[in-house]
Amino acid sequence: MIKTLQQLVAATLVAAAVPLTAAAQAKEPVKVGLVSSKTGVWAEMGEEVIRGVRFAIDEANAQGGVDGRKIEVAEGDDEGNPDAGRRAAEKLARDGYKFLIGPIGSAVSLAIVQQLDRWDALYFATISKTDKLTGDTCKMRSFRTVQSDAMDIAMINSWAKNIKGNTFAVIAADYAWGHDSATSFKKAVEAQGKKVPMTLFVPLGTKDYSPYITQLKQAKVDAIWSAVPARDGVNFLKQATSFNLIPNTPILGHAMLSNFIVNATGKAQDGMVGTLGYAPDFDAPRNKAFVTAFVAKHKRVPTDTEGLAYHGATVMLDGVRLAKSVKPLDVAKSLGGAKLDTVFGPLTVRAEDHQVLVPNFIGQVKSFEGELRPVAQQVFPPSIIPAPSPLCKM
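Everything numeric here is computed off the predicted structure, so don't read it as measured data.

Undergrad: Which residues make up the state of the cysteines, and what values go with them?
TA: In this structure the tally under the stated criterion is 1 disulfide. Paired through a disulfide, C138 and C392 show a sulfur-sulfur distance of 2.1 Å. Handedness here is read from the sign of the S-S torsion; for C138 and C392, about 100 degrees, the answer is right-handed. With C138 in the loop between β4 (122–125) and β5 (142–144) and C392 in the segment after β14 (371–380), this residue pair connects regions lying 254 residues apart in the sequence. Like C392, C138 is buried.

Structure follows, in structure tokens:
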């Protein structure tokens, strides 16, 4: 009997000595479905998205997880295609990976958000800009952490007053985001009394840009607004240089000041001006900490895409922290209207449409610390962001 009592006492002492972190690890994990492009037109950007999201998750796990929960990740390839993206996301969601993040193309994001209720999942758009995500297809279970087209255009409306030239051509990818970009730029410069006599839409995956470049040269405009993303952007810029469109005619880039495009096109983007979603030079404490840690691991600063992906992942994890839950609807309710500390500084998640109210940047590709890369030239604060779309009905 005495021995049994001693055993009970010893067991009690051992149980009391178990660290709280071990008890916390017994909580249900945060299961993230990382869907991005491993193949297809967005593959280079997809690598950067995956790297940025995983950096945020590894960082959080190294600090004990979020809300005492370990974060687990499974990946899927959206192939840059809406149907493939929807299938990859559905498989992950049905396997229990309910926190979906990572697609680049707006068409892929739009295909996923329509299914979130059916999958009981949550979605974070870290790169996709189309206004439809926070407009007529907005969902309670969907959040956007990157600047929308409407936010870019609010910036461009202000910036357009200082854009040199009076006539412009537009070349844009032939899908939702490209059409939004072309329409918005045209409205912005025409409001300044300038003209856009030519608009060209190019199918994703185009290899030969010579017919389009010929038309752009013949238009004899003062500058060209280009919304040709990812691998297509590389092809366009290389061929535009070969045909002497560059540097004879300035190119203004919408979401084209990407590090991998700069690295793939030699000097083609040297001096190019355009929109920029993230800058490692942005002066915010959390951004400085992120850049320092990223440099320590990768021996270089994060790219714009890696920074945006990291930011989106931290917003997602902050939602779990606020909700103290991994139930998608609990997290959605906690994030709507929340104020967060981010790589951009303190930001608000707008309750009406789940748009994170991030600042915006005009950048220029230039040599900085011995490296040709995008550098922020002008910051536009969240105060210029337009009101939420009346089409969004949560």
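Undergrad: Describe the sheet that holds β14, with residues and values.
TA: Taken in spatial order, the 7 strands make up an open sheet running β7-β6-β8-β9-β10-β13-β14, and their pairing is mixed. Taken across any chain shown, the strands that pair with only one partner, and hence form the sheet edges, are β7 (195–202) and β14. Across this sheet, the average inter-strand angle for adjacent strands is 25 degrees, counted without regard to direction. Sheet contacts for helix α9 (residues 210–219): β6 (167–173), β7 and β8 (223–227); angle to β7, the most-contacted strand, approximately 175 degrees.

Undergrad: Any chance you could break down the pairing of β8 for me, citing the residues and the numbers?
TA: Taking burial as the measure, the 5 residues of β8 include 5 buried ones, the bulk of the element. Burial along β8 is two-sided: the residues A223, W225 and A227 and I224 and S226 are all buried. As paired strands, β6 and β8 are joined by 5 bridges and run parallel to one another. Within the sheet, the bridge partner assigned to I171 lies in β8 and is S226.

Undergrad: A description of the packing of aromatic side chains should follow, citing residues and the corresponding values.
TA: As enumerated under the stated definition, the model contains 17 aromatic pairs in all. When the ring of F168 is compared with that of F185, the centres are 5.6 Å apart and the planes differ by 85 degrees; the resulting orientation is edge-to-face. Within this pair, whereas F168 is found in strand β6, its partner F185 is found in helix α8 (residues 176–190), the two being separated by 17 residues in sequence. As far as burial versus exposure is concerned, F168 and F185 are alike and both buried. Measuring from centroid to centroid gives 5.8 Å for F290 and F294, while their planes differ by 70 degrees, and the two rings are edge-to-face. Note that F290 and F294 are positioned in helix α12 (residues 285–298) at a spacing of 4 residues, about one turn of the helix. Taking relative accessible area as the criterion, F294 reaches 0% and is therefore assigned buried. Put simply, the rings of F55, Y278, F282, F290, F294, Y310, F344 and F361 touch in pairs and so form one group of aromatic residues. Above the face of the Y97 ring, K31 is positioned so that its terminal group lies 4.5 Å from the ring centre.

Criteria and thresholds
Residues numbered from 1 in each chain as written. Predicted model: local features only at pLDDT ≥ 70, side-chain atom pairs only at ≥ 80, totals over all residues. Heavy atoms only, no water. Disulfide = S-S within 2.5 Å. Helix = DSSP H or I, 4+ residues; strand = E, 2+ residues; numbered from the N terminus. Buried < 20%, exposed > 50% of the residue type's maximum accessible area, 1.4 Å probe, protein only. Pairing = 2+ DSSP bridges. Axes fitted to C-alpha atoms, helices over the stretch in contact; angles between N-to-C directions. Contact = heavy atoms within 4.5 Å. Phe/Tyr/Trp six-rings, centres within 6.5 Å; stacked < 30°, edge-to-face > 60°. Lys NZ or Arg CZ within 6 Å of the ring centre and 35° of its normal.

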